[in-house]
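Residue-level listing of the chains:
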2 protein chains.
Amino acid sequence: MTDPRSVLIVGAGLSGCLLAVYLARRGHRVRVYERRGDPRVAGYVGGRSINLALSARGLWGLAGVGLDRVVMEREAIAMPGRMLHDRSGRTGFQPYSSRPGDAINAVSRGGLNLTLLREAAAEKGVEFFFNHWCTDVVLEEPAAWFNSPDQRDIRVDADIILGADGAFSPVRGRLQKVDRFDFSQSYLRHGYKELVIPALPGGGFAMERNALHIWPRGGTMMIALPNRDGTFTCTLFWPFEGEHSFSALPPGPGVRPFFDREYPDASALMPTLDEDYERNQVGSLVTVRCWPWQHNGTVAVLGDAAHAIVPFYGQGMNCAFEDVRVLADLLDEHKGDFGAALPAFQDARKANADAIADMALENFVEMRDLSGRSEFQYGKRIEQLLHRAVGDGVTPRYNLVSFSTVPYSSAQRRGREMERVIEAVSRRVPAPAAYDEAWEQAVLEAAGPLLTSITPLEGGA
Amino acid sequence: MTDPRSVLIVGAGLSGCLLAVYLARRGHRVRVYERRGDPRVAGYVGGRSINLALSARGLWGLAGVGLDRVVMEREAIAMPGRMLHDRSGRTGFQPYSSRPGDAINAVSRGGLNLTLLREAAAEKGVEFFFNHWCTDVVLEEPAAWFNSPDQRDIRVDADIILGADGAFSPVRGRLQKVDRFDFSQSYLRHGYKELVIPALPGGGFAMERNALHIWPRGGTMMIALPNRDGTFTCTLFWPFEGEHSFSALPPGPGVRPFFDREYPDASALMPTLDEDYERNQVGSLVTVRCWPWQHNGTVAVLGDAAHAIVPFYGQGMNCAFEDVRVLADLLDEHKGDFGAALPAFQDARKANADAIADMALENFVEMRDLSGRSEFQYGKRIEQLLHRAVGDGVTPRYNLVSFSTVPYSSAQRRGREMERVIEAVSRRVPAPAAYDEAWEQAVLEAAGPLLTSITPLEGGA
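Residues numbered from 1 in each chain as written. Chains lettered and ligands numbered in written order. Predicted model: local features only at pLDDT ≥ 70, side-chain atom pairs only at ≥ 80, totals over all residues. Heavy atoms only, no water.

Q: Residues and numbers for the pairing of strand E17 (residues 283–291) of chain B, please.
A: Residues and elements named next belong to chain B. When you tally the buried positions in E17, you get seven out of nine residues, the bulk of the element. Taken together, the eight bridges between strand E13 (residues 182–197) and E17 define a ladder with antiparallel strand orientation. For Ser184, the partnering residue across the bridge sits in E17 and is Arg289. (Buried < 20%, exposed > 50% of the residue type's maximum accessible area, 1.4 Å probe, protein only. Helix = DSSP H or I, 4+ residues; strand = E, 2+ residues; numbered from the N terminus. Pairing = 2+ DSSP bridges.)

Q: Tell me about the interface of chain B and chain A, and name the residues and values.
A: When the parts come together, some accessible area is lost, and that loss is often what is quoted as the size of the interface. Counting from both sides, the interface comprises 14 residues of chain B and, opposite them, 14 residues of chain A. The contact between chain B and chain A buries some 1300 Å² in all, and 37% of this surface belongs to carbon and sulfur atoms. Considering only the surface of chain B that becomes buried against chain A, B:Arg180, B:Gln185 and B:Tyr187 emerge as the three largest contributors, covering 45% of it. Taken together, the links from chain B to chain A amount to zero salt bridges. (Contact = heavy atoms within 4.5 Å. Buried area = accessible area lost by both parts, 1.4 Å probe. Salt bridge = Lys/Arg side-chain N within 4 Å of Asp/Glu carboxyl O.)

Q: Lay out the sheet that holds strand E11 (residues 153–157) of chain B with the relevant residues and their values.
A: Residues and elements named next belong to chain B. Strand order in the open sheet formed by three strands is E9-E10-E11, and the pairing between neighbours is antiparallel. Two strands close off the open sheet at either side, each with one partner strand: strand E9 (133–138) and E11. The average angle at which neighbouring strand axes cross in this sheet is 25 degrees, direction not considered. Two elements, strand E10 (residues 143–147) and E11, share five bridges in a ladder whose sense is antiparallel. When the bridges of E11 are listed, Asn147 appears paired with Asp153. (Axes fitted to C-alpha atoms, helices over the stretch in contact; angles between N-to-C directions.)

Q: Just give me the short version of unusual backbone geometry, but keep the residues and values in it.
A: Residue and element names in this part refer to chain A. Note the cis peptide between Trp291 and Pro292, where omega equals 0 degrees. Along the polypeptide, Pro292 turns up in the loop between strand E17 (283–291) and strand E18 (294–295). In the Ramachandran plot, Asn131 falls in the positive-phi region, its phi being about 60 degrees despite a non-glycine side chain. In this structure, Asn131 sits in the loop between strand E8 (126–129) and strand E9 (133–138).

Q: An account of the sheet that holds strand E3 (residues 51–54) of chain B is needed here, citing residue identities and associated values.
A: Sheet strands line up and pair through hydrogen bonds in the backbone, either parallel or antiparallel. Residues and elements named next belong to chain B. The three strands lie next to each other as E3-E7-E4, forming an open sheet whose pairing is antiparallel. Among the strands making up the open sheet, the edge pair consists of E3 and strand E4 (77–79). The average angle at which neighbouring strand axes cross in this sheet is 35 degrees, direction not considered. As judged from the three bridges shared by E4 and strand E7 (residues 104–108), these two strands associate in the antiparallel manner.

Q: Give me the lowdown on the pairing of strand E2 (residues 29–33) of chain A, citing residues and values where you can.
A: Residues and elements named next belong to chain A. In terms of burial, E2 is largely enclosed, as four of its five residues are buried. Here strand E1 (residues 6–10) runs beside E2; their pairing, made up of five bridges, is parallel. If you follow Ile9 over to E2, its bridge partner there is Val32. Running through helix H1 (residues 14–25), the crossover from E1 to the neighbouring parallel element E2 is right-handed. With four bridges connecting them, E2 and E8 associate as parallel partners. Looking at E8, one finds that Val32 is bridged to Phe128. (Right-handed = clockwise from strand over helix to strand, strands pointing away.)

Geometric descriptors of this kind do not, in isolation, establish any biological role.
Here it is in structure tokens:
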């Protein structure tokens, strides 16, 4: 089999479009089939959240085809830290990093998808087919069946079929029927609902623009990310059942008083709260794991289709874009041989996908619960002092995940090691009245001998 | 809704047939649809292993409709312990219990299935439909679609649909598409292949009849269960890949020398080894977990469809029969109201199904690896002495699982507690040259204070 070959991509979402750009530039004929309508015609109809946090791995994925700068310029709002909101409306800012310039970036899912789709469509050899629902994959050909807009069943043959078709991937659904395919889908008992804080009458932001806002409330939280038009998209993460849950607060007259009590400063900025709360659906939050990700070197899944994760580390899209570039790099390394590159791809990515899935689940606890607690905040303070004083050898987990492309599994191991050090230091050096040089000295002295337990990372950072 | 109602059972395997008997006796109209042919006509074509170990829970399930005695008389061969075979052909017997009469029972899957099918078919109001493949379930009706023997798609409406349709259950497949359905299927890297040891020319058994035979070889093993006709069904449990694996030993001239070396005493009793090894497929071993098991009080799964487990505790069928009787008892308790009984059923069984799934995975390690080691055998010795001397308060885990109907989750907890006690005792009292009264005294003295840590079980045993 010779390169260039025809590749069929299922899914014209974020990773499907980026993948199309990479493969077109490698000289492949690329056809992309998408079950939704063409967003260039009908406007974007998103399946999931309205905005996302783009960070180092996503930018690295975009940079491989020179798209990082245009996306940052057109779409992004830097969020260098968390703004915490307590029940009395008081706020406090926690920077994500002690390194200047480190920030995650709020981007609009719809805007970014449109940018990537237009870039892909402008490449030679790329064709898009919208309103085509993938109903089956014939693995041994390979070929895929689609239900077309006029309700016909059509079969599309290709040399390679790649499923970038999301958490409920039909391509993965077919792989699941192969003997010895490991698969799990696991739901949180929390769901999410989006709300909106509009722009100020003059067009400005009603809260700090450059922050990811969090209202941590123990077992639940609300967050808000800024949009370029001056609005914020708020997201509630509440249990479906029980106290402080979606079923405990049906739409109606109880909503406003509840928000006034739980999120008073936000409630004051939400004129359409009642309508939004009633109209917007409660979404569910799933973690999907599976293995293998490819079959015979000709059919594979990537992104959410291979490893859907919960959104609490802001890494779903970032991990998917990293997937795309890793796959493209492996195709280069294997001179276009998908039969070698697809097995190498799954081997390279599986442990990392599992690691970020775990960390995303853990980070929900951190965001909704720990981030509002003084012990947690003191630990963060120690972590950042050590990072500033000692340097890259003790880069914290959050920074490795969000501001580097160190493998997720290495970041996870580092996180466990640093957690033990910070816990020991905070036992020996209690939180001071003032964070002065004497405190810094005491922390560094206490930490010194413990830091020898930290495993250096391959590739630095 | 009033009782009696029409119940559609998908699957005429072991649990589907037993369930049909229970429901018919409760006055329901019962239709059972099965994708395979009628074994009364065509002979039994099994999906899985040829014989099985029937123990207390399975017998309890059968006893609820008076079928335990007939099955024991027609089908069973008692296996009161394990016969271990080493590489030199030496054997050693380990009784499962210090209580006389405790035994698991080898039964033929095909024979038992036929017995249950005939019992069900003899009940008033029960109808069987073979060669019908379930293709979909309409949850909200409920109704099920089947592909009939003449290739038509037929729809069957019922008040209640119960999926007793096995590890790859179509009914569960439909539930899996409901939002927030947790599901996992996880395969062992080991597969299984069946072989045969024929009866002696005169008709007798070529090895000890009343034992479950094991050839533990570290990471792998072979086992053998007796059949009523004097044969033994042997099962290899080997990895698919790697050393001592199915792919390392393809059918051909290497097979006999390998068996002569690894299983010399068995090899001498296997005249058709080469043909059996070549003809019989390698099966895979899956653990399936899911939640919820029911929808709206009208559609539910049970047995393997709800919780497929690996065979190493011999509990797949036993757990399924226990399911059936628990469900029937809950229907009695709720006066035939499935809307109350099905949620109560899943709540009662889920933790127990998870516990036996875990224990079955652990027991593979015990059987293939630990059972041949002297430390393990010494631990078993201590465990059985304590059981004999102290009584039901320290019934070992194996006994609780196999010789009682104490909830699996309680047996699992007891196992963990006893493991700690036995480990401590074996550290303090080393294995003696002779197992005399002095040794027994020393063990009981060492164990005495530790036994206060054992949690009593609800309901005795």
